[in-house]
Amino acid sequence: MASRAELGPVRRGLNGTTVAAMIVSALVALPIAAIFLIGLSGDGENWQHMLFNVVPRAGGRTLLLLAFTGAVTASIGIVSAWLVASCDFPFRRLLSVALVLPLAIPSYLAAYAFGEFLDYTGPVQGLYRNLFGFSSARDYSFPDVRSLGGAVLVMSAVLYPYVYLACRSMFLMQGRAAADVARTLGAGPWRVFSRVQIPMARPAIMVGLTLVMMETLNDIGAVEYLGVQTLTFSIYDTWLNRGSLAGAAQIACVLLVFVVLLLWIERRARRRQRVASQKTTAVTIDAVRLKLSGLRGWGATLICTLPVLIGFVVPVAVLSGFALRRLDDFAEPRLMKALGHSITVSSAAALLTVLLAFVLSYAARTDRSRLTLGASRLASLGYGIPGTVLGIGVLIPLAGFDNFLDGMLRQTFGISSGLLLTGTGFAIVYAATVRFLTMAEGTIDSGFQKLSPHLDMAARTLGRNGLQTLTQVLLPNMRPAVLTAALLVFIETLKELSATILLRPFNFNTLATLVYEDASRSKVQDASVAAIIIILAGLIPVILVSRSLDRRR
């Protein structure tokens, strides 16, 4: 049993860190409150139209996309994780790292690449025509990638690593004890896998699937390009193409119900995962992997290679092929301007997000009151909110502030302030901060957990006050965690499309929106250079994840 000192100080009443944590949580809650305020202010007829016409059709497609994507990602992630963690076969060590690589490919870039790869003029259909002697598209039928099935293929190809990572960690923690006991009772490898190891890994599977579904809900670029009208795309279409902000907010309210349900499932699964981890790690022994030789070994290699080929090699090969024929575009003014905007916005979002995340984590370290815990949980809601929903929630309060300030300055001084917040990239920074705050807070909190609470107490006994303890003792030790959190937020903001495309000012492009604009005009080749830059940046967190897994092992 840990002592009270080891658990950290418990303070009564409000203090500076608690108030700061509550302010941070209020900044996250403001967009959510704005969405419901706008949605509930719409007239009844608009609600009726949305509930009976838009929501059933778009909601049905969304549920189908979530169901099929969840089933495919679960199958790929569970099987590949079990093979890598429990079996020994050719190239197992290399594939254990390579299976994480598709995380570097944003779903919209994968959609653009597969659209070109499987198109009539692409290599797959060209090879198909040559093999069977077809001369035109009228001579044969070929599955259309711009469909629900195509969207499932694209989403599953780049999102399965969420399930793979969660399951791999759980399978490694299980060790071989439970499997060996089952085998002594006469169970074969398949029966051990299906009856013992899968049930023990169920919490991890649910965590991975929840992340997959939240990312699927957040996507707008891939589903629009592939012609699948989900609830997320309906928000974008209703707001920008039909000019109904209230209608978009009403659809966002419905979508938030999905998000809340997913967050509840994820939180419940994480709680069960912690319990399962505590139970399994107590009996973990050095794993003795099942040796797969001959055809079985090479079959396992093939099973683990296919997801990497589809989710990483194909998109990178297609986009790289286009980019290599456009090397001059790397110096194009339009690309350089978009790159500058991306770096500026991503740097500002990383700085602000890490600052707010540090406030939350430090408050949780110094004050374990219910207010601080509640503020931290409220602030964690942002990650589950799709970017299009955040776009609406962020724009409304910022536009209200701009209008209020402009009206006050006009009446008082006869001058106009214009759009100070909504007319710049600040709205994108705010949305990115809300969305990725949980990611940064988790990274920084992990860093704090590695520092004993006795470190704070020792600094106090040596005459340091709270501020000196923070700046002279904690911050130097927290530098790796802070830099990692900043890097993750920077790269995620660089790839972010859903919120950026709604909140960007006029004539303001980032790399993501530049790719989106070119792909929307069927000019994926012109977007390839910007796409390659995004992918190269996305490889950095993937490498960090792989190194973290190796260190943990």
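Please refer to the structure higher up on the page.
Residues numbered from 1 in each chain as written. Predicted model: local features only at pLDDT ≥ 70, side-chain atom pairs only at ≥ 80, totals over all residues. Heavy atoms only, no water.

Undergrad: Explain the pattern of salt bridges residue by residue, including any values.
TA: For the structure on display, the rule yields 12 salt bridges. With a shortest N-O distance of 4.0 Å, D119 and R146 are connected by a salt bridge. Within this pair, whereas D119 is found in the loop between α5 (107-117) and α6 (123-132), its partner R146 is found in the loop between α6 and α7 (148-174), the two being separated by 27 residues in sequence. Of the residues examined, D119 reaches a relative accessible area of 27% and is grouped as partly exposed. Take R146: its relative accessible area is 33%, and that puts it in the partly exposed class. With a closest N to O distance of 2.8 Å, D406 and R410 form a salt bridge. Within this pair, D406 and its partner R410 are both found in helix α17 (residues 387-413), separated by 4 residues, close to a single helical turn. D406 sits in the buried class, given a relative accessible area of 14%. (Salt bridge = Lys/Arg side-chain N within 4 Å of Asp/Glu carboxyl O. Helix = DSSP H or I, 4+ residues; strand = E, 2+ residues; numbered from the N terminus. Buried < 20%, exposed > 50% of the residue type's maximum accessible area, 1.4 Å probe, protein only.)

Undergrad: Run through the layout of surface pockets, naming residues and quoting values.
TA: Space inside the second largest pocket adds up to approximately 200 Å³. For the second largest pocket, the lining is made up of 15 residues, of which L27, L352, L398, F426 and Y430 are closest to its centre. Listed by contribution, the elements that provide at least two residues to the lining of the second largest pocket are α2 (16-41), α15 (333-366), α17 and α18 (426-449). For the lining of the second largest pocket, the element with the highest residue contribution is α18, accounting for 5 residues. When its residues are assigned to classes, the lining of the second largest pocket shows 14 nonpolar, 1 polar and no charged. (1 Å grid on protein atoms, 1.4 Å probe; cavity = no way out; pocket = protein on both sides within 12 Å on 5 of 7 lines; lining within 4 Å. Points joined across faces, edges and corners; volume = space filled by probe spheres on them. Nonpolar A, V, L, I, M, F, W, Y, C, P; charged D, E, K, R; others polar.)

Undergrad: So what about a nonpolar patch on the surface? Which residues, and what values?
TA: A cluster of nonpolar side chains, contributed by L153, L302, L306, L309, I310 and V313, occupies part of the molecular surface with about 460 Å² of accessible area. Broken down by element, the nonpolar patch gets its largest block of residues, 5 residues, from helix α14 (residues 294-324). Take L302: it is sitting in helix α14. (Patch = residues over 30% accessible without salt bridge, like charges linked within 9 Å, V, L, I, M, F, W, Y side chains within 5 Å. Areas by Shrake-Rupley, 256 points an atom, 1.4 Å probe, with all protein chains shown as cover.)

Undergrad: Any chance you could break down the packing of aromatic side chains for me, citing the residues and the numbers?
TA: By the definition in use, this model includes 12 aromatic pairs. A ring pair is formed by Y112 and Y225, whose centres lie 4.9 Å apart and whose planes are at 80°; its orientation type is edge-to-face. Of the two residues, Y112 sits in helix α5 while Y225 sits in helix α11 (residues 221-225), which places them 113 residues apart along the sequence. Both residues of the pair, Y112 and Y225, count as buried. Taking the centre distance of 5.8 Å and the plane angle of 35° together, the rings of Y128 and F134 count as tilted. (Phe/Tyr/Trp six-rings, centres within 6.5 Å; stacked < 30°, edge-to-face > 60°.)

Scope: geometric values only; no functional claims are made or implied.
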